[in-house]
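# Summary of structural features
Residues per chain are reported as follows:
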Amino acid sequence: MIYFDHNATTPVLPEAAAAMQPWLSEHYGNPSSVHRAGRLARQAVEEAREQVAALVGAQASEVIFTSGGTEADNLALHSVGGLGARLLVGATEHAAVLEAASARAGQGLELDILPVDQNGLIAQSSLAERLRRDVPQLVSIMWANNESGVIQDIAALGDCAQRAGALMHTDAVQAAGKLPIDFAASPVDLLSLSAHKIYGPKGVGALVRKRHVGIAPMLRGGGHEGGLRAGTENLPGIVGFGAAARSARLELEQRQAHVLGLRTRLEAGLAQMPQVRLFAASVPRVANTCQFGLQGFQSEALLMAFDQRGIAVASGSACHAGSGKPTHVLLAMGYDEDTAHSAIRVSLGQQNTAAEVDRFLSELDDILRQQAPAYAAGLFAS
């Protein structure tokens, strides 16, 4: 199978799997226990905490382990106060933020959605205008979009929020391991991460929090994770997360050069197909992501055709796969429903090759010729 869906999840890195193995069988102590087995487990958790912190330029004490990016986003939005508090989020956020924000609005918070332009970017002037109107307690804008790959100017947007006196949260699940991140130097107060997007295991993530930010725990029980996330730590998952974070930090430039070369090759081929529309092609995107639409086609039919040929791609977020709804990201960018329904996302990874990109382009051409007589006859306008 050719796997082009790395923004949904990545294969577990051999180094991460090897690091996890002893903690699945040989060493199984509870990190909260005081005996030797527990102390060994605690040492492994803290080493992983340092590795995850190093990936994003944070202090180990600022890392709170969670069950994944979704819980990290929810925990961040849980930092917003009660009745009358205001929350400002981007229109193209992941469902983990949008749904959590909507739930908080149902509890009496005021929710304001920040619009994006046709490239999926949030203008600093737009944020500044909303902040002048009424300063929210929290601004949440994702660093890199999971569907389009668009990179927001988090430094400028966060600085704008900080000057107004608002806290700044960013979902960096798709940015970590793809962009250099310096949490300490940034105006970001809260940052969400997920292990399985950086070649680590599923079921573990982190919220990185600057010390001045107060958070009310969502889960109550023991005093785990500084009292902010109750529950026995997922020891093997956390160790795997740490190993994956270490590799992501050390190999960042090499990895991004590899996938950028593949994406450039892919988009050069797509440019030869007159009915293809590349989304957000003129603005900064993470190097591994290409989202495009196909005039007159439905993405679900194309996904099935690719799957039958042994190629895995996506139409958007895996969280909404099979819903039949067009991607909210493209709708927020101003595209109509037909265009949004035609979207295909290719997200490349380290094991992908130029030969696989060429195979994808060849299969796409063949699928279009079979499904569209006008395309096969060369009747699409350039």
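Please refer to the structure higher up on the page.
For the structure given in this document, a descriptive report is provided here. A quick note: this is a predicted structure, and the numbers were derived from the prediction, not measured.

Here we have 3 strands laid out as an open sheet, ordered β9-β10-β12, and antiparallel in their pairing. Each end of this open sheet is capped by a strand with a single partner; those strands are β9 (276-278) and β12 (343-347). Put simply, the sheet's adjacent strands are angled 30° from each other on average, direction ignored. Sheet topology note: the strand β10 (residues 289-294)/β12 ladder contains 5 bridges and is antiparallel. Of the residues in β12, the one forming a bridge with Gly293 is Ala343. Lying over the sheet, helix α9 (residues 252-270) contacts β9, β10 and β12, oriented at roughly 15° with respect to β10.

One open sheet holds the 7 strands; their spatial order is β2-β8-β7-β6-β5-β3-β4, and the pairing between them is mixed. The open sheet is flanked by β2 (63-66) and β4 (110-114), the only strands paired with a single partner. On average, adjacent strands in this sheet sit at an angle of 20° to one another, irrespective of strand direction. Across 4 bridges, β2 lies against strand β8 (residues 205-209) in antiparallel orientation. Looking across to β8, one finds that Val63 is bridged to Val208. In the packing of helix α2 (residues 36-55) onto the sheet, contacts are made with β2 and β7 (190-194), and the angle to β2 comes to roughly 110°.

The rules behind these values
- Residues numbered from 1 in each chain as written.
- Predicted model: local features only at pLDDT ≥ 70, side-chain atom pairs only at ≥ 80, totals over all residues.
- Heavy atoms only, no water.
- Pairing = 2+ DSSP bridges.
- Helix = DSSP H or I, 4+ residues; strand = E, 2+ residues; numbered from the N terminus.
- Axes fitted to C-alpha atoms, helices over the stretch in contact; angles between N-to-C directions.
- Contact = heavy atoms within 4.5 Å.

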